[in-house]
Amino acid sequence: MVDVVTVVAVALLVGAIAGAAVPMVPSGLLSLSGLGVYWWGAGLEELSVLTFAVLVFIAVITALVEFFGGSIAARAGGASWLTTAAAATVGIILMVVTGPLGLLVGLFGTVFVLEFVRNGELEGSTRSAVYTTIGVLASTAVQVLLTVSILLGFLAAVFLL
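My aim in this report is to walk through the structure given alongside it, one point at a time. Bear in mind the structure is a predicted one, so any value in this text is a computation, not a measurement.

Below, the discussion takes up helix 5 (residues 100–119). With 20 residues, helix 5 extends 28 Å from end C-alpha to end C-alpha; this agrees with the ideal 28 Å at 1.5 Å per step. Turning to helix 5, its buried residues number three or more, namely Gly 102, Leu 103, Gly 106, Leu 107, Thr 110, Val 111 and Glu 115. Taken down its axis, helix 5 places every buried residue within 160° of arc, on the same side. Of the residues in helix 5, the exposed ones pointing more than 90 degrees away from the buried face are Leu 101 and Val 105. Close packing links the buried residues of helix 5 with helix 4 (81–98) and helix 6 (122–160).

Here it is, written out as structure tokens:
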């Protein structure tokens, strides 16, 4: 049975997929919201507790990847916490002004310049900047895959099982 609650839940889950590819749209939180709307409106009558718990777990992992993926990549590339924080701030500001390209350029440029000033190493600064940029792109890809998995798991559990 398809009702308003299910339609709203699916809309939020589809929005989470789109949000995973768009910076500043909280895909993990949208997934959690879709699952929460369904749980609140339909209860666990059509969805087992185990299935619901697994989908919520995946949504929480998605949110963690979203919030910390770029920082983890920057740290893996050798960037300092201060550089990581500054790059996130500059990237967000440039993303608002110029879009996703500004985010990537802002992250790369900020990490490169601050790490070069900090260490004076061209190779190390470049490595940190590349790791950060690739990490942001990879975390976006992971978010898309996780949000698609949540949607497909939800649809299978509600309509097929």
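Here we come to the packing of helix 2 (residues 27–42) against helix 3 (residues 49–76). Look at helix 2 against helix 3: their axes get within 7 Å of each other, and the N-to-C directions meet at 160°. In terms of their interaxial angle, helix 2 and helix 3 are classed as roughly antiparallel. Here helix 2 runs over helix 3; the crossing is left-handed. Residues Ser 27, Gly 28, Leu 29, Ser 31, Leu 32, Leu 35 and Trp 39 of helix 2 lie in contact with helix 3, whose contacting residues are Phe 52, Leu 55, Val 56, Ala 59, Val 60, Thr 62, Ala 63, Glu 66 and Phe 67. Looking at the contact of helix 2 with helix 3, its residues break down into 11 nonpolar, four polar and one charged.

Here the focus is the layout of surface pockets. As a volume, the largest pocket reaches approximately 730 Å³. Lining the largest pocket are 28 residues, with Pro 23, Glu 66, Ile 92, Leu 103 and Val 136 positioned closest to its centre. Within the residue set of the lining of the largest pocket, elements represented by two or more residues are helix 1 (4–21), helix 3, helix 4, helix 5 and helix 6.

Let us look at the nonpolar core. Leu 13, Leu 35, Tyr 38, Leu 47, Ile 150 and Phe 154 are the most contacted members of the largest nonpolar core, which has 15 residues in total. Broken down by secondary-structure element, the contributors of at least two residues to this core are helix 1, helix 2, helix 3 and helix 6. At five residues, the largest contribution of residues to this core is made by helix 6. Among the nonpolar cores identified, the runner-up in size contains nine residues, and Ala 79, Leu 107, Ala 129 and Val 136 belong to it.

So, how was this worked out
- Residues numbered from 1 in each chain as written.
- Predicted model: local features only at pLDDT ≥ 70, side-chain atom pairs only at ≥ 80, totals over all residues.
- Heavy atoms only, no water.
- Helix = DSSP H or I, 4+ residues; strand = E, 2+ residues; numbered from the N terminus.
- Expected span 1.5 Å × (residues − 1).
- Buried < 20%, exposed > 50% of the residue type's maximum accessible area, 1.4 Å probe, protein only.
- Arc of directions from axis to C-beta.
- Contact = heavy atoms within 4.5 Å.
- Axes fitted to C-alpha atoms, helices over the stretch in contact; angles between N-to-C directions.
- Parallel < 35°, antiparallel > 145°, perpendicular 65-115°, else oblique.
- Left-handed = near helix turned anticlockwise from the far one by under 90°.
- Nonpolar A, V, L, I, M, F, W, Y, C, P; charged D, E, K, R; others polar.
- 1 Å grid on protein atoms, 1.4 Å probe; cavity = no way out; pocket = protein on both sides within 12 Å on 5 of 7 lines; lining within 4 Å.
- Points joined across faces, edges and corners; volume = space filled by probe spheres on them.
- Core = buried A, V, L, I, M, F, W, Y, C linked by side-chain atoms within 4.5 Å.

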